[in-house]
There are 2 protein chains.
Amino acid sequence: MTISQARPTPSEPTLHHMAHALRFLTVDAVEVAQSGHPGMPMGMADVATVLFDRVMKYDAGHPEWPDRDRFVLSVGHGSMLLYGLLWLTGTPDLSLQDLKDFRKLGAKTAGHPEAEMLRGVEATTGPLGQGIANAVGMALAERMLNAQFGDDLVDHHTFVMAGDGCLMEGISQEAVTLAAHLGLGKLVLLFDDNAVTIDGTTQHATSEDQPRRFEAAGWHVQSVDGHDMDAIEAALLAAKADDRPSMIACRTVIGRGSAAKQGKPAAHFGAIGAEDRKAMQTMLDWPYGAFEIPGSVLDAWRAAGARGADARRDWEARLASAPGRQGFERQISGTAPAEAAAILADLRAAAVGTDPVATRMSTSRVLNALFGVMPELVGGSADLAGSTQTWPEQATPLTKGDWSGRYIPFGVREHGMAAVMNGIALHGGFIPYGGTFLCFVDYARPAVRLAAMMQQRAIFVMTHDCITVGEDGPTHQPVEHLAGLRATPNLNVFRPGDMVEALECWELALASAHAPSVMCLSRNPLPVLRTDAGENRAARGGYVLAEASGPRRATLLATGSELHLAAEARALLEAQGVPTAVVSMPCWRLFDQQDGDWKDQVLGPREAVHLAVEALSPLGWERYVGRDGLILGIDSFGASGPAADVTRHFGMTAERIAEMVMAELARC
Amino acid sequence: MTISQARPTPSEPTLHHMAHALRFLTVDAVEVAQSGHPGMPMGMADVATVLFDRVMKYDAGHPEWPDRDRFVLSVGHGSMLLYGLLWLTGTPDLSLQDLKDFRKLGAKTAGHPEAEMLRGVEATTGPLGQGIANAVGMALAERMLNAQFGDDLVDHHTFVMAGDGCLMEGISQEAVTLAAHLGLGKLVLLFDDNAVTIDGTTQHATSEDQPRRFEAAGWHVQSVDGHDMDAIEAALLAAKADDRPSMIACRTVIGRGSAAKQGKPAAHFGAIGAEDRKAMQTMLDWPYGAFEIPGSVLDAWRAAGARGADARRDWEARLASAPGRQGFERQISGTAPAEAAAILADLRAAAVGTDPVATRMSTSRVLNALFGVMPELVGGSADLAGSTQTWPEQATPLTKGDWSGRYIPFGVREHGMAAVMNGIALHGGFIPYGGTFLCFVDYARPAVRLAAMMQQRAIFVMTHDCITVGEDGPTHQPVEHLAGLRATPNLNVFRPGDMVEALECWELALASAHAPSVMCLSRNPLPVLRTDAGENRAARGGYVLAEASGPRRATLLATGSELHLAAEARALLEAQGVPTAVVSMPCWRLFDQQDGDWKDQVLGPREAVHLAVEALSPLGWERYVGRDGLILGIDSFGASGPAADVTRHFGMTAERIAEMVMAELARC
């Protein structure tokens, strides 16, 4: 493919040549795919070149070096910019063929960058604004890890490239204000200020003064010509020098180089075509063919990619002799300390036989117990520390300047919190958790989804998980939320029925290295039903909590705060001579992964009456109770009133369950 | 209860007396409920009093007067402020007893204000930040209706009260920037700047300069002592006079009046108790008992509530003689014009027998066809006009200063868009629609939920509704979204299988006066399967598209882009001698509402094989196919690649469906 002998190769490749390599790789990949977004990579190629050649600390051959600078492409549709950078700098796992396979099924070069598929991609992006919050999480993780291990091991910057779309999304505001509040001075946001969106110029939809907005949040702000290499470098160095997070508004021309499309919305998406490519070759003095990068330009890029090798080796030497080495390596590897298992087992054992207690208390129990041995456990809440039990007793708040604090005050920013958690997890070294009310998981849904897609161990602590919220009423009472969460791939959704189970679920969430977890926890005290704590029974997702006294005539399935109702209903039914089993189903996903025999055994004989009770939407329970099974759920929104009244109003009582079963038995 | 004879009643009640009435009603109601949030009402009582006594245009006895000023309490937890105002000003439907029943089951005085339960409540609030965007929608609706009917009929302001929590939520940024961009000068935001949140002072979680932030967005900004009545009035009048949206930062003391709690986070929630009430009585010179409002103070409030009666009567007189009266009344009543039904019927008939066409094109067809006869149909998209087909051909864009435009450029603000749509619907006079990709309904979930709760006719146009999105990959391919939406009470979720059905679903959405709709529409062309267009068959949610040639041995259920696969599979199966029916299920909610006979008839004999196919999460289909039914769905995230490759990769083919059925028949 390379026919550079036929054409002169620049003897002293400049930054412009390097940037043009990015532009033409983009044009050529989009041309082959006949699909993709060339405008942003072509516009930001100069900024990216300066960043990767002159400023960023990285060693392309070692994309997992923990102390590398991070680069997040929040404008994920500009993925060819990232793929071009990764290939040109010599990142392993990526070949020129991969670029030619852009957007083909199975290629690492997916339409939007997928961190789970390709090393070097720091975050899966595409849904706008997420990358900004991920970068805030990474910059926060850097400061937290630095507070633990010092400058010798942890001292790097985080760069994030964002567009108008990212900045219009509300999540950007949550991330931006949090970053300034927490004093994340090593975070640099590069705003692709091209004044164009899909529907036209930005003027059609926004009139915001972005620099002023960032200043209001407490950021260091600069504006620069995004095609002036020296100015870009100066701005980046000034940004690094300032102790506030920095925003650089880079005035760029979208689709820069395309004769027909540069500066126009049409540059956003779609191939520019053979004719325009020719015009572009003339304009940019680039006589090379498709995917052809002249040797000297490629050499320059590879040199840029290797520029950080010495720094990386020095760092490795420092790590080898660092007193904190073991702890650092353990945290980075995501391995739990040896003591953790016994601590959790003790917690579970201690819960057996105790008084009723809200399952939300499991969070503080776990966090308090593990506080000393798992410094990687960091988190906070969206201004609901007490309600969600997410503030460990020994934790001081994390503040600007003291990043050793272990309670992160996320503020009333659920979406930002979840996406920042993703960034913390992606950075490595930590297991992030964050709390709010289950109802408000809705605010954070796009980030929860990405946690699942990116296979990150983030723990979303969602309390006040049903109508027993009581007086706060329907706006605060989740109904439909679990259905959507349960349908999300690679997401553990736990709704434990008592304290023992809650602690089991916490153990599973902590051990889930490649999937996030949502902990749905009760506000109100629940009886401790489990009398055993040896085996982690929640690990199989569902199990028989109480077997029937004889051949089963009824199987009651329940989760969370309804589990004790099922247990009480069982007593009523057994008293009437109906052998009844109670099945607890704290995690559907794990149950569905069990073998058929286990599932059949738990669900019991088909001819028995099956009733599922959950104070939430009934959707999905038919999977276990069948088309004719009984489901006691809630088909409407909730209601405001004292919890006991609301519960009765919706028929969530043991008596009702028993009546429904008896009526069904009479009918059959 | 009133024992005012025993104590002096102020002979000339001042604004302070009136404000104290609000404070004590709050304290007393929270005391009885032993639950609730007194801090905010006590802090903002002075601002509210000035607003309702001196500034706002309303006639309390007629809470549905279309030209009233709107007041939205975005800080919904401060509901007692609103209930106090409504009762004191003499709003119908609300008695002192209702205040005493605060937060009791069945009371109109729910924990958070519910528009669907009580006239005078302009929006259901509680989830923070929503009310700001609702208010933007109302202010936008006012300008749009004014552009149609002029100052004589439409000339009112919108006031919204928001707290630190509201302003930390990302949705506030989306709403605030959109409001300024659209030039909504008659919108006034009253910021309860009390510097306190649940977890402590705001300093713990935010460092933002709110006035500067609003200025950056283009707002008129003032700061005022929130307890200085004259200063508040002056600021409100200045806000009204400015042609930008106005933000007034009201520096207040949370829980003002409580000896023990004022100025402290503890004031946020919970009763202040008898002792503190006594101290407060002394401090505020208020010798009255629980729920006791001295006659002269109540008179002053009732006078305030009646202050707008003349203006209302004048307005009614203007309406009576207005040339646009009929149209105005029709739009406000939410009744469709007589011509609409025939236009829609014609559209459906014209679609029969045509070439394959993407169901997303139904949107532009409907909008174009109804453009002339339904000026109430207004909407736009989150920067995806072309993709979502939400820009009618004849529509000019709505811009600052020209609010007659019928395309609303919502910008990349999905959450803001949905909540603004809610505000437009709540205002009355319009049916709002808004488009984005189905995947990004996640960004808007909290607002979609509230649309359902508030029973508003908002139409969420969600295109690119499955893996056939293709190259954009898993970040842009919905999988789990429908499960969560289908589980949401009072929400119509439509996923039509061809153009005829899509037009039927649009007809149902337009007619759904008390429930919002989500239109899940295909990006790619789908064959037109329906050969009839007389009856709206989607109205029953599910129906037999093609009956089996003999006694059914298989029933295939499908929606959307998989419906034609089912139809093709039916042909394959029938060719192999297996009588097979195809059931289309465009709306589960409507199907579930049908009587049992209809459902049995559609789903067919149990002993037949049931297979559901939908290129989304299988969760929930067991309701129709049973525990042993076959479901061809997608249990993982999607993949990036050309649509045909991705579809094949996930086995979404007619051949696969037929094979699954044949294998099951062989097994049985």
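The rules behind the values
- Residues numbered from 1 in each chain as written.
- Chains lettered and ligands numbered in written order.
- Predicted model: local features only at pLDDT ≥ 70, side-chain atom pairs only at ≥ 80, totals over all residues.
- Heavy atoms only, no water.
- UniProt positions renumbered as here; feature names shortened; annotations may be inferred.
- Helix = DSSP H or I, 4+ residues; strand = E, 2+ residues; numbered from the N terminus.
- Rg over C-alpha atoms; globule rule 2.2 N^0.38 Å.
- Buried < 20%, exposed > 50% of the residue type's maximum accessible area, 1.4 Å probe, protein only.
- Contact = heavy atoms within 4.5 Å.
- Areas by Shrake-Rupley, 256 points an atom, 1.4 Å probe, with all protein chains shown as cover.
- Lys, Arg positive; Asp, Glu negative; His and termini not counted.
- Charge placed at Lys NZ, Arg CZ, Asp CG, Glu CD.
- Pairing = 2+ DSSP bridges.
- Axes fitted to C-alpha atoms, helices over the stretch in contact; angles between N-to-C directions.
- Core = buried A, V, L, I, M, F, W, Y, C linked by side-chain atoms within 4.5 Å.
- Least-squares fit on C-alpha atoms with pLDDT ≥ 70 in both.
- Salt bridge = Lys/Arg side-chain N within 4 Å of Asp/Glu carboxyl O.
- Domains from an automatic or database assignment.
- Phe/Tyr/Trp six-rings, centres within 6.5 Å; stacked < 30°, edge-to-face > 60°.
- Lys NZ or Arg CZ within 6 Å of the ring centre and 35° of its normal.
- Buried area = accessible area lost by both parts, 1.4 Å probe.
- Polar contact = N/O pair within 3.5 Å; in protein donor to acceptor, adjacent residues only side chain to side chain.
- Expected span 1.5 Å × (residues − 1).
- Bend = angle between axes of the 7 residues up to and from the residue.
- Parallel < 35°, antiparallel > 145°, perpendicular 65-115°, else oblique.
- Left-handed = near helix turned anticlockwise from the far one by under 90°.
- Nonpolar A, V, L, I, M, F, W, Y, C, P; charged D, E, K, R; others polar.

With an unreviewed UniProt entry as reference, chain A is termed Transketolase, source organism Salipiger marinus. Per UniProt, chain A has the following entry under Subunit (unreviewed entry): "Homodimer." Under the heading Function (unreviewed entry), UniProt records this for chain A: "Catalyzes the transfer of a two-carbon ketol group from a ketose donor to an aldose acceptor, via a covalent intermediate with the cofactor thiamine pyrophosphate."

Across its full length, chain A holds 26 helices and 20 strands. What you see for chain A is a C-alpha radius of gyration of 28 Å, in line with the 26 Å of a compact globule of 668 residues. Looking at the 668 residues of chain A, the share that counts as buried comes to 69%. For chain A, restricting intrachain contacts to residue pairs at least 6 apart in sequence, the fraction spanning at least 24 positions comes to 79%. Of the accessible surface of chain A, which amounts to about 19,900 Å², a share of 51% is contributed by carbon and sulfur atoms. One finds the centroid of the 56 positive side-chain charges in chain A at a distance of 2 Å from the centroid of its 79 negative side-chain charges.

Residues and elements named next belong to chain A. One open sheet holds the five strands; their spatial order is β16-β18-β17-β19-β20, and the pairing between them is mixed. Sheet topology places β16 (543-546) and β20 (630-632) at the edges, where each strand pairs with a single neighbour. Taken pair by pair, the neighbouring strands of this sheet meet at an average axis angle of 30 degrees, ignoring direction. Bridge analysis of strand β17 (residues 554-558) against strand β18 (residues 580-584) gives five bridges, and the strand direction is parallel. Directly across from A554, in β18, lies its bridge partner T580.

Looking now at the UniProt feature "binding site: thiamine diphosphate" (unreviewed entry) in chain A. The feature "binding site: thiamine diphosphate" (unreviewed entry), as annotated in UniProt, sits at H77, G126, P127, L128, G165, N194, H268 and F440 of chain A in this numbering. These annotated residues cover 364 residues of sequence, and their C-alpha atoms reach 34.3 Å apart at the extremes, leaving them scattered rather than at a single site. On the secondary structure map, G165 of chain A appears in helix α6 (residues 164-168). Dropping the residues within four chain positions of it, G165 of chain A is found in contact with L128 of chain A together with V412 of chain B. On the secondary structure map, H268 of chain A appears in the loop between β7 (246-251) and α10 (273-284). Residues in contact with H268 of chain A, not counting those within four places in the same chain, are G36, H37, P38, G39, H77, I198 and I254 of chain A.

Residue and element names in this part refer to chain B. Buried residues dominate strand β18 (residues 580-584), accounting for five of its five residues. The alternating pattern of β18 places T580, V582 and S584 and A581 and V583 on opposite faces, both of which are buried. Across three bridges, strand β16 (residues 543-546) lies against β18 in antiparallel orientation. Bridging from a neighbouring strand, A546 pairs with V582 of β18.

Another aspect to go through is the sheet that holds strand β10 (residues 407-409) of chain B. Residue and element names in this part refer to chain B. Spatial strand order, β10-β9-β11-β12-β14-β13: six strands in an open sheet with parallel pairing. Taken across any chain shown, the strands that pair with only one partner, and hence form the sheet edges, are β10 and β13 (492-494). Strand-to-strand twist across the sheet, computed as the mean angle between neighbouring axes with direction ignored, equals 20 degrees. Where strand β9 (residues 377-381) lies against β10, three bridges are found, and the strand directions are parallel. Residue pairing in the sheet places G379 in a bridge with Y407 of β10.

The next point concerns the nonpolar core. Soluble globular proteins tend to pack their nonpolar side chains together in the buried interior. Core analysis: the biggest nonpolar cluster contains 386 residues, and M161 and W219 of chain A together with M161 and W219 of chain B have the highest contact counts within it. Those residues in contact with W219 of chain A that lie beyond four places of it in its chain are V176, A179, A180, L187, L189, F214, R244, P245, S246 and M247 of chain A.

Once chain A is rotated about the relating axis by 180 degrees and shifted along it by 0.0 Å, it coincides with chain B to within an RMSD of 0.0 Å. Here the copies are linked by what is in effect a two-fold axis. Most of the interface of chain A is mirrored in chain B: 100% of its interface residues are interface residues there too.

Residue and element names in this part refer to chain A. The positions that UniProt labels "binding site: substrate" (unreviewed entry) are, in the present scheme, H37, H268, R360, S387, H464, D472, H476 and R523. A maximum C-alpha distance of 47.9 Å is found for the annotated residues, which run over 487 residues; spatially they are spread out rather than grouped. On the secondary structure map, H37 appears in the loop between α1 (15-33) and α2 (39-55). A relative accessible area of 7% places H37 in the buried class. With respect to the helices and strands, the residue H464 is situated in the loop between β12 (459-463) and α19 (481-486). The exposure class assigned to H464 is buried, which follows from its relative accessible area of 7%. Among all residues touching H464, those that are not within four sequence positions of it are R360, S387, F437, L438, V469, H476, P478, L521, S522 and R523.

A word on the pattern of salt bridges. Oppositely charged side chains may form a pair once their charged atoms are brought near each other. Within the structure shown, the criterion is met by 80 salt bridges over all chains. The closest approach of N and O atoms between D472 of chain A and R103 of chain B, which form a salt bridge, is 2.6 Å. With D472 of chain A in the loop between β12 and α19 and R103 of chain B in the loop between α4 (96-100) and α5 (130-149), this residue pair bridges two chains. Just as D472 of chain A is buried, R103 of chain B falls in that class too.

The next thing to look at is the domain arrangement of chain A. As assigned here, chain A comprises domain 1 (4-311), domain 2 (340-526) and domain 3 (539-667). Measuring from the centre of the C-alpha atoms in domain 1 of chain A to the corresponding centre in domain 3 of chain A gives 53 Å.

Residues and elements named next belong to chain B. The backbone phi angle of D285 is positive, close to 55 degrees, even though this residue is not glycine. Summarising the element assignment, D285 is placed in the loop between α10 (273-284) and α11 (295-306). Of note in the backbone geometry, H464 takes a positive phi value of approximately 55 degrees without being a glycine.

Here the distance between the centres and the angle between the planes together describe a pair of aromatic rings. Scanning all chains against the criterion turns up 32 aromatic pairs over all chains. A ring pair is formed by W286 of chain A and Y288 of chain A, whose centres lie 4.9 Å apart and whose planes are at 85 degrees; its orientation type is edge-to-face. An aromatic cluster is built from W65, F149, W315 and F328 of chain A, whose rings are joined through pairwise contacts. The aromatic ring of W598 of chain A is capped on one face by R540 of chain A, whose charged end is 3.7 Å from the ring centroid. Residue placement shows R302 of chain B over the ring face of W87 of chain B; its charged tip is 5.4 Å from the ring centre.

Opposite the 102 residues of chain A that make contact, chain B presents 102 residues. When chain A packs against chain B, close to 8,400 Å² is buried across both sides, 54% of that on carbon and sulfur atoms. The interface formed by chain A and chain B holds 47 residue pairs in polar contact (both at pLDDT 80 or more) in total. Ranked by the residues each element gives to the side of chain A that touches chain B, the list is headed by helix α18 (residues 441-453) of chain A, at eight residues.

Residues and elements named next belong to chain A. Taking 1.5 Å per residue as the helical rise, α2 with its 17 residues ought to reach 24 Å, and the 24 Å between its terminal C-alpha atoms agrees with that figure. Roughly 55 degrees is the biggest bend found in α2, and it falls at A45. With 16 of 17 residues buried, α2 is to be regarded as a mostly interior element.

A word on the packing of helix α5 (residues 130-149) of chain A against helix α13 (residues 325-333) of chain A. Residue and element names in this part refer to chain A. For the pair α5 and α13, interaxial distance at closest approach is 11 Å and the crossing angle is 155 degrees. Regarding the angle of α5 to α13, the classification is roughly antiparallel. α13 is crossed by α5, and the crossing has right-handed handedness. Counted together, L145, Q148 and F149 of α5 and G327, F328, Q331 and I332 of α13 form the full contact between these two elements. Of the residues that constitute the contact of α5 with α13, the class distribution is four nonpolar, three polar and no charged.

What follows concerns the packing of helix α3 (residues 79-89) of chain B against α11 of chain B. All names here are of chain B. Packing of α3 against α11 brings their axes to within 7 Å, and their N-to-C directions diverge by 90 degrees. On the basis of the axis angle, α3 is roughly perpendicular to α11. Contacts between α3 and α11 involve L85, W87, L88 and T89 from the first element and L298, W301, R302 and G305 from the second. Across the contact of α3 with α11, the residue classes break down as five nonpolar, two polar and one charged.

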